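Here is how the chains run, residue by residue.
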Amino acid sequence: TYTWNLTSGTNTLTDGQISGFGFDNIRAIYKNTNSSATYQTTGLTTLDISELNMMQSIRSYAFYRVGSLTSITLPRSINTLNNYCFAATSITQIPNLNSSITVIPDYAFFSCSQLTEIKLLHVWKISQYAFGNCTSVSKVVLPSIRQINSYAFNFLGNGNSVNSIYYKFGNYRNSGYGTYWDGRLQIDNNAFGSDSISKNKITDIYINTCEGPTQIGS
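Definitions and cut-offs
- All residue numbers refer to position in the chain's written sequence, counted from 1.
- Since the coordinates come from a predicted model, pLDDT governs what is reported: local features require at least 70, and pairs of side-chain atoms require 80 or more to be given and counted, while whole-chain, interface and lining totals use all residues.
- Derived side-chain values reflect all non-hydrogen atoms in the structure, with water molecules and hydrogen atoms excluded from consideration.
- Where helices and strands are cited, they refer to DSSP runs of H or I of at least four residues and of E of at least two residues respectively, numbered from the N terminus.
- Using a 1.4 Å probe on the protein chains alone, a residue whose accessible area is under 20% of its type maximum counts as buried, one over 50% counts as exposed, and one in between counts as partly exposed.
- Two N or O atoms count as a polar contact when they lie within 3.5 Å, although within protein this holds only if one can serve as hydrogen donor and the other as acceptor, and sequence-adjacent residues are included solely when both atoms are side-chain atoms.
- Should any heavy atoms of two residues lie within 4.5 Å, those residues are considered in contact.
- The rule for pairing is simple: two strands pair if DSSP sees at least two bridges between them.
- Axes, fitted as lines to C-alpha atoms, cover a helix only where it is in contact. Angles between the N-to-C directions of the axes lie from 0 to 180 degrees.

Caption draft 1: Looking closely at the side chain of Asn98. Structurally, the position occupied by Asn98 is in the loop between strand 6 (80-81) and strand 7 (103-104). In this structure Asn98 comes out as buried when scored by relative accessible area, which is 12%. In terms of polar contacts, Asn98 uses its side chain to reach the backbone carbonyl oxygen of Arg76, at 2.2 Å. Apart from the residues within four sequence positions on either side, Asn98 is in contact with Arg76, Ser77 and Ile78.

Encoded structure:
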């Protein structure tokens, strides 16, 4: 295990900071749970670990409650996120995720109050409370979604107007009519919270079928 002590402000992890280790050795990043440091007072604002190109996962609670964190750049090799990995941070946009990340786990971005847009091109499943309490979100784009679990978007954009939530079934390659996933979109009970539609002012939800966009009425 290599321990890296973050400083306040901007941090970039480079090979020179990993004494005795090479990039091939770094497979995951996680928080030292034995540390007595207060999460909210680390002072970390911007983190770039993009050069760790053998890293495969962001472990559970890795950046949980690092309230000062506004931006993170991940290596393209990351293929797994875990529960609470970015919860209660101040990130303003979803980190760069490659196409192999298709599931957003429980509470992954819970209470990211500065997040304004959720755009996940390859994700097919949003787990419970993944974006719960993301109070500044105004737009959601999920072109590959198949499953949304309970409370995944609980109190999304609470107090703001979430004008547009877009889903799309399938793609339009391979033939004139396109090929498409022929299953059903699963939306669990309370996926948007028990009363979040009225509180959050969500006005429209669209599902794009091969025949064109279909609006779901109130």
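Caption draft 2: Geometry of the sheet that holds strand 4 (residues 57-58). Spatially, the 3 strands line up as an open sheet ordered 2-4-6, and their pairing is parallel. Edge positions in the sheet fall to strand 2 (28-29) and strand 6, since each of these pairs with one other strand and no more. Relative to strand 4, strand 2 runs parallel, the two being bridged by 2 bridges. Note on strand 4: the bridge partner recorded for Ala28 is Ser57.

Caption draft 3: Quick look at the sheet that holds strand 5 (residues 71-73). Spatial strand order, 1-3-5: 3 strands in an open sheet with parallel pairing. One side of each edge strand has no neighbouring strand; the edge strands of this open sheet are strand 1 (9-12) and strand 5. On average, each strand axis in the sheet is tilted by 20° relative to the strand beside it, whichever way the strands run. Bridge count between strand 1 and strand 3 (residues 44-48): 4 bridges; the pairing is parallel. Across the sheet, the residue bridging to Thr10 is Thr46, located in strand 3.

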